[in-house]
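Listed below, chain by chain, are the residues.
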Amino acid sequence: ACDICGEDMSLFIGNPNGIVELPGQPSITCERLQAEGSAGFIPSTTCDRLPMIVNSICGCNPPCSVCGDGKEVDFPNAIVEFPGQAPISCGNLQLNGFIGSIRPDECDQIPDLIDEVCGCDPRTPEPTPEPTPEPTPADTPEPTPEPTNPACDICGE
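Residues numbered from 1 in each chain as written. Predicted model: local features only at pLDDT ≥ 70, side-chain atom pairs only at ≥ 80, totals over all residues. Heavy atoms only, no water.

**Student:** Which parts of the structure should I look at to understand helix α2 (residues 44–58)?
**Tutor:** Leu-50 marks the point of greatest bend in α2, at about 45°, and the proline Pro-51 comes within the next four residues. On its buried face, α2 is in contact with β1 (19–20) and α1 (30–38). Just beyond α2, the residue with positive phi is Gly-59, at close to 70°. (Bend = angle between axes of the 7 residues up to and from the residue. Helix = DSSP H or I, 4+ residues; strand = E, 2+ residues; numbered from the N terminus. Contact = heavy atoms within 4.5 Å.)

Put into structure tokens, the structure is as follows:
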């Protein structure tokens, strides 16, 4: 039997629908390739080389949190670039990490490289504004008393 991810890897294929293209062979999904390996259809000389070829395509690595443990990217549409690699969105990079397409040694280095672009630090909440005090009613002056006029003799009072 042949474990396409390698002998020391658990039989977890994070991306079973990934397409593997081997020279001189028709394209095949990771799931189908593993089934052929389990059934003994892959010669050991080929099996020994498979992990290097299928690792990132099939997601053979343990899940990787590209921002570091327990953190997720805040800016999934931001683009990051690594030397020798095609530019990738932070969201797709995170997805690749979750399905096991990133090697553990690379995973350890990624958080420092993408932190600023992808927004890995928990967002600092906007400062809470000071509460606005209730308006204090202006002192209401005492009502002016009605004028007291002397009794009117003419009015017949």
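Structure shown, so let's carry the discussion forward.
**Student:** Just to check I follow, could you spell out the nonpolar core for this structure?
**Tutor:** Soluble globular proteins tend to pack their nonpolar side chains together in the buried interior. In this structure, Val-66, Val-80, Leu-93, Ile-102, Ile-114 and Cys-118 are the most contacted members of the largest nonpolar core, which totals 16 residues. When residues of this core are traced back to their parent elements, those giving at least two are α3 (90–98) and α4 (104–118). Of the residues forming this core, the biggest block, 4 residues, is contributed by α4. If near-sequence neighbours (up to four positions away) are discounted, Val-66 is found in contact with Val-73, Leu-93, Gln-94, Gly-97, Ile-102, Ile-110, Pro-111 and Ile-114. (Core = buried A, V, L, I, M, F, W, Y, C linked by side-chain atoms within 4.5 Å. Buried < 20%, exposed > 50% of the residue type's maximum accessible area, 1.4 Å probe, protein only.)

**Student:** Explanation requested: the state of the cysteines in the structure shown.
**Tutor:** Two cysteines form a disulfide when their sulfur atoms are joined by a covalent bond. This model, assessed by the stated rule, comprises 6 disulfides. Residue pairing for Cys-64: its cysteine sulfur links by disulfide to Cys-107, the two sulfurs lying 2.0 Å apart. Here Cys-64 and Cys-107 share a disulfide; its torsion about the S-S bond, 95°, makes the bridge right-handed. In this pair, Cys-64 sits in the loop between α2 and β3 (79–80) while Cys-107 sits in helix α4, placing the two residues 43 residues apart along the sequence. Side by side, Cys-64 and Cys-107 carry an identical accessibility label, which is buried. The disulfide that involves Cys-90 links it to Cys-118, with 1.9 Å between the sulfurs. (Disulfide = S-S within 2.5 Å.)

**Student:** What's the story with the pattern of salt bridges in this structure? I'm lost.
**Tutor:** One side chain can pair with another of opposite charge once the charged atoms of both are near each other. Applying the stated criterion across every chain, the model contains 3 salt bridges. One salt bridge in this structure joins Arg-32 and Glu-36, with 3.8 Å as the shortest N-O distance. Of this pair, Arg-32 and Glu-36 both sit in helix α1, 4 residues apart, which is roughly one turn of that helix. For Arg-32, a relative accessible area of 46% translates into the label partly exposed. Relative accessible area serves as the criterion here: at 24%, Glu-36 is assigned to the partly exposed category. Of the charged contacts, one joins Arg-103 and Glu-106 as a salt bridge, the two residues approaching to 3.4 Å between their closest N and O atoms. Arg-103 sits in the partly exposed class, given a relative accessible area of 39%. (Salt bridge = Lys/Arg side-chain N within 4 Å of Asp/Glu carboxyl O.)

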